Each structure stands twice: as C-alpha cells, then as structure tokens.
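Examination of the molecular architecture
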Amino acid sequence: MSRPDGCKAFYPGLLDAPTMSQQSGLQREPLLDSLRKELDGLDRDNLLWRIRILQSPSAPHAKVDGKNVLVLCSNNYLGLANHPKLKQAAIAATRKYGAGSGSVRVIAGTMDLHLKLEKILANYRNAESSITFQSGYATNAGTILALVDERDLIISDELNHGSIIDGCRMTKAERRVYKHRDMADLEKQLADTDHFRRVLIITDGVFSMDGDIAPLKEIVDLALEHQAITYVDDAHGDGVLGQNGRGITNHFGLEGKVDVDMGTFSKAFGCVGGYVVGSKDLCTYLQNKVRSYLLSGSQPPAVPGACIAAIQLVQKTPALVRKLWDNTRYFKKGLKDLGFDIGNSETPITPVMVGESRRAHKLADSLFKLGVFVLPIVFPMVAKDKARIRTIVTSAHTKKDLDEALEAFEKAGKEMALL
Ligand SMILES: Cc1ncc(COP(=O)(O)O)c(C=O)c1O
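Residues numbered from 1 in each chain as written. Predicted model: local features only at pLDDT ≥ 70, side-chain atom pairs only at ≥ 80, totals over all residues. Heavy atoms only, no water.

It is worth spelling out the overall build of the protein at this point. In terms of regular secondary structure, the protein is built from 16 helices and 13 strands. Going through the 419 residues of the protein one by one, you find that 51% of them count as buried. Sequence separation of 24 or more characterises 70% of the internal contacts of the protein that already satisfy a separation of 6 or more. Of the accessible surface of the protein, which amounts to about 20600 Å², a share of 53% is contributed by carbon and sulfur atoms. Of the side chains in the protein, 54 bear a positive and 50 a negative charge, and the two mean positions are spaced by 6 Å. (Helix = DSSP H or I, 4+ residues; strand = E, 2+ residues; numbered from the N terminus. Buried < 20%, exposed > 50% of the residue type's maximum accessible area, 1.4 Å probe, protein only. Contact = heavy atoms within 4.5 Å. Areas by Shrake-Rupley, 256 points an atom, 1.4 Å probe, with all protein chains shown as cover. Lys, Arg positive; Asp, Glu negative; His and termini not counted. Charge placed at Lys NZ, Arg CZ, Asp CG, Glu CD.)

With that settled, the discussion passes to unusual backbone geometry. The amide bond that connects Phe379 to the next residue, Pro380, takes the cis arrangement and shows omega of 10 degrees. Following the sequence through the fold, Pro380 ends up in the loop between strand E12 (375-377) and strand E13 (387-392). Positive phi outside glycine occurs at Asp65, with the angle close to 50 degrees. Checked against the element boundaries, Asp65 lands in the loop between strand E1 (61-64) and strand E2 (67-71).

What follows deals with the nonpolar core. If you look at the biggest cluster of nonpolar residues, it comprises 44 residues, and the most contacted ones within it are Tyr77, Leu78, Leu80, Leu86, Phe265 and Ile311. Those elements that provide at least two residues to this core are helix H4 (84-97), helix H5 (112-124), helix H9 (216-225), strand E9 (274-278), helix H13 (302-316) and helix H14 (318-338). Counting contributing residues per domain, this core is built from domain 1 (61-77 + 318-415) and domain 2 (84-316), each supplying no fewer than three. With residues near it in sequence (within four places) discarded, Leu86 still touches Leu80, Phe269, Cys271, Ala306, Ala309, Ala310 and Leu313. (Core = buried A, V, L, I, M, F, W, Y, C linked by side-chain atoms within 4.5 Å. Domains from an automatic or database assignment.)

A separate point is the pairing of strand E10 (residues 349-355). Taking burial as the measure, the seven residues of E10 include seven buried ones, the bulk of the element. In terms of strand pairing, E10 meets E13 through six bridges, oriented antiparallel. Bridging from a neighbouring strand, Met353 pairs with Arg388 of E13. (Pairing = 2+ DSSP bridges.)

Looking at the element boundaries, Ser298 is found in the loop between helix H12 (291-294) and H13. Classification of Ser298 as buried rests on a relative accessible area of 11%. Here the side chain of Ser298 touches Ser101 through a polar contact of 2.7 Å, side chain to side chain. Within polar-contact distance, the side chain of Ser298 engages the backbone oxygen of Gly109 at 2.7 Å. (Polar contact = N/O pair within 3.5 Å; in protein donor to acceptor, adjacent residues only side chain to side chain.)

As a further point, take the state of the cysteines. Throughout the structure, instances matching the rule amount to zero disulfides. You can see Cys271 has no disulfide; the closest cysteine sulfur is in Cys307, sitting 4.0 Å from it. (Disulfide = S-S within 2.5 Å.)

All right, on to the sheet that holds E2 then. In spatial order, the strands read E1-E2-E11; together these three strands make up an open sheet with mixed pairing. Across the chains shown, the open sheet's two edge strands, defined by having one partner strand only, are E1 and strand E11 (372-373). As paired elements, E1 and E2 share four bridges and run antiparallel to each other. From the neighbouring strand, Lys63 faces E2, where its bridge partner is Asn68.

Attention now goes to the environment of Ile155. Within the secondary structure, Ile155 is located in strand E4 (residues 153-157). Along the backbone, Ile155 and Leu254 are 99 residues apart, and their C-alpha atoms lie at a distance of 20 Å. In this view, Ile155 contacts Arg176, Tyr178, Leu186, Gln189, Leu190, Val199, Leu200, Ile201 and Ile202; residues no more than four positions away in its chain are not counted.

Turning our attention to the confidence of the model for the protein. Mean pLDDT over the protein works out to 94, with 95% of the residues at or above the 70 mark. For residues 1-14, every residue scores under 50 in pLDDT, and the model assigns this stretch five contacts once sequence neighbours within four places are set aside. (pLDDT = per-residue confidence, 0-100.)

Taken together, 14 residues form the shell around the ligand, and within it Gly136, Asp233, His236, Thr264 and Lys267 come nearest. His161 is positioned with one of its side-chain polar atoms (N or O) 3.3 Å from an oxygen atom of the ligand. For the ligand, whose unbound accessible area comes to 390 Å², protein coverage reaches 83%. Considering each element in turn, the shell around the ligand owes the most residues, three residues, to helix H6 (residues 136-147). Among the residues making up the shell around the ligand, the classes are represented as two nonpolar, nine polar and three charged. (Near = heavy atom within 4 Å. Nonpolar A, V, L, I, M, F, W, Y, C, P; charged D, E, K, R; others polar.)

Right, here's the structure in full:
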C-alpha cells in the first residue's frame with residue numbers, strides 16, 4: 001500500500017507499524033484482482049459488452065468499426081438524430097446561450113429555453129404541465145424515489161426497464177412484482193394493501209426487449225378500483241404510438257388518466273433528456289423533490305434547442321410516424337415469411353428469437369459481416385434460453401434497405417439452421 005510521503009514525514013514510523021488488518025490476519029482480495037476475476041467470468045459466459053464504434057452520424061447507413069453498414073439497432077425511430085432542423089436548432093441555441101447552462105436547474109441553471117421546451121412539450125402531449133430532466137434514467141431514478149418511501153408499496157411489471165428497477169431499489173418502499181402484463185396477477189398483488197399510504201403501479205409502456213405494449217387501460221381501471229397511483233415509462237412509445245407520436249396515453253385514449261406519464265428525448269426525438277408530463281402540482285412537487293433534478297447540472301442549451309425542433313417537426317410532419325409504421329409492418333412480415341420466430345412484438349422493436357446467448361452473438365456477427373448492424377440481447381437482459389437479436393426499423397429506412405436486410409437475415413439464418 002502506498003501512502004503519500006507527506007504522511008510519513010508528519011507521522012514518523014507510520015509505514016513501518018503493522019496495520020489493523022495485519023494484526024487480525026484479515027486477507028481481503030485486492031480490488032483489481034477481484035474485478036479481473038469477474039471480468040474473466042463474464043468473458044467466459046459470453047456476456048462482455050463488445051462495443052461497436054460509430055464513425056458517422058446515427059442514420060440507416062453508417063460507418064461502424066470501419067465498415068459501411070445498414071443500422072437496424074438504433075432507437076432513432078423517426079430518423080431525427082441527424083436531421084438538419086435539429087442540428088440548426090442545436091447550433092443556434094449554442095450561439096445564443098453558450099455550451100453549458102452553468103448550474104443545476106434550481107440555482108442558476110434554468111434558462112428560458114428549458115421552460116420553452118417544457119411548455120411546448122406539455123402542449124404537444126395535451127397535458128397541464130411538464131418537467132424535463134437530464135436523461136430518462138435520471139427521470140425514473142429520481143421520480144420514483146421522490147414519490148414513495150417506507151410507508152408505501154410499489155407494484156412493478158417483471159419486465160420493466162432497468163432504470164425503473166434501480167429507481168424502485170433506491171426507495172424504502174415495499175416492492176411486489178407482477179407477472180409480465182398479467183392483470184390477474186396484478187390484481188392479486190393489489191390485495192391486502194389497505195395499510196399502505198400510497199400504492200404505485202409502474203410499467204413500461206412498450207417493453208424494450210420484446211416490443212409488446214402494456215395493457216394500460218386495464219392497469220388504470222385496477223388502479224382506480226384500488227386507489228393506486230399509475231406510472232408509465234413511455235420511452236419506446238414516444239413519437240411511435242398515438243396520433244402524431246403522442247405516446248401510449250394518447251394511443252389508448254388515456255390522456256390525463258395516468259398519474260405519472262414519463263418519456264425520453266433519447267429515442268424517437270433523436271436527442272437526449274427525460275421528462276414527466278402531468279398535472280401542474282405533480283411537476284412542481286417533482287421540481288422540489290427529485291434529487292437528480294436538484295443535484296445535477298441542467299442540460300446544455302443545445303439539448304432543449306434541438307428537442308424543441310424535434311417536437312415541432314413531429315407535429316408538422318405526420319408522414320414521419322406513418323412511414324415508421326409502414327416500415328415496421330413490411331419488415332415484420334418479411335421476417336415472418338422467411339420463417340423466423342419474431343415473438344409477440346406490436347411495435348417497431350422486433351426480436352428475432354435465437355435461444356442461447358452464444359448463438360445470438362454468432363447471428364449478430366454473421367449479419368455484421370453481411371453489412372447489417374443488429375444487437376444481440378442475451379442473459380441477464382433476457383432469460384438464458386430467450387437470447388435474441390433485437391431489430392428496430394426507423395422511418396428513415398427505405399424499402400430497398402429493408403429488402404437488403406431481409407436478404408442478409410435469410411442468408412445468416414440458413415447458415416445457422418434457424419430456417
Ligand atoms: C424503457 C426505457 N426507459 C428508460 C430508458 C432510459 O432513457 P434515457 O436513454 O433517456 O436515459 C430507456 C433507455 O434505454 C428505456 O428503454
């Protein structure tokens with residue numbers, strides 16, 4: 001163990017004296033040795049992330065690890081990440097307001113641009129108010145923690161996103177998990193809850209690994225019956241579901257009926273940042289209580305600038321969402337006709353079920369060699385025997401792109417005896 005020289009000069013004999021652990025015989029494994037062992041274990045089980053590097057904008061055709069490929073794994077649903085209108089807005093906001101915001105929102109980091117975004121967002125989502133955060137992760141982690149404590153109960157779908165799970169774990173609330181989209185099980189979990197101050201039912205809107213949609217109407221009905229609060233994470237429904245991409249609450253005619261309607265700008269809106277839309281009181285409460293809002297610097301001006309441009313563009317261009325759904329239907333049908341098992345997806349997230357993790361990696365590698373970039377989803381993100389390739393089409397893909405992708409899937413699928 002090394003100690004700064006100054007220590008020895010100040011406390012002569014310090015380095016020579018036996019430490020407490022030497023006296024007690026305690027032998028802790030050095031940190032780096034134990035980290036290396038864990039990494040070796042992950043490597044052995046094929047679970048290490050092999051991160052591919054994008055060397056061009058996020059777009060259907062991109063340069064990845066030095067190779068020109070067709071991208072089928074971004075969350076850039078509406079193709080806005082590299083849209084000229086968003087880039088211009090980000091540049092204009094940077095010119096006017098600078099590169100950084102200078103502070104957290106509640107001290108000196110709220111610019112009129114942040115407020116403009118919140119107003120435009122609330123208006124777009126037909127909500128009374130909205131509040132924005134640095135990311136969707138920060139939104140879930142901070143908002144759940146702000147809403148419940150040891151007097152409360154959270155009831156969560158078993159396949160909810162990790163940011164929800166982390167948010168739930170941070171609270172002192174009791175937790176129950178219901179089987180995926182299983183309303184009979186949710187009802188069972190709602191029994192014997194009278195002694196809790198609050199009961200929070202929380203669900204993804206669109207499930208990120210399977211592409212299926214939460215039965216939100218039934219959840220809201222059960223919540224009303226049991227005086228529970230509802231919270232939906234619409235990260236993959238924003239810009240995708242509902243009229244002009246207004247999300248899952250619009251899709252089911254439930255605007256204003258879900259207590260906490262959460263979303264993100266990092267997917268269909270092509271930027272970054274999370275948000276909650278809802279009542280004015282809810283948003284003011286979150287402003288005062290969410291620790292990720294109170295304790296972390298606000299978004300640089302380019303971000304609200306580009307997010308505003310994204311919402312305006314989506315509102316003005318219904319063809320974007322229409323094309324996304326045309327492409328989704330076309331690609332799903334193509335995969336199905338080839339004979340792939342594509343699970344129960346109802347959205348542009350289309351899994352191609354493979355089985356073992358090793359085979360999912362192999363299929364992704366073969367497709368990459370054929371010029372198609374997709375993501376293998378393996379344990380622990382999904383069950384050990386449910387590894388898959390996750391594909392996501394966008395409205396920026398052409399039919400020719402999708403035909404090329406299907407050709408590559410057919411070739412790689414036959415090689416692996418999946419077809
Ligand atoms: C369902 C869901 N919720 C929340 C998030 C986090 O959003 P963000 O990327 O804005 O942090 C994600 C992103 O991966 C997600 O898929």
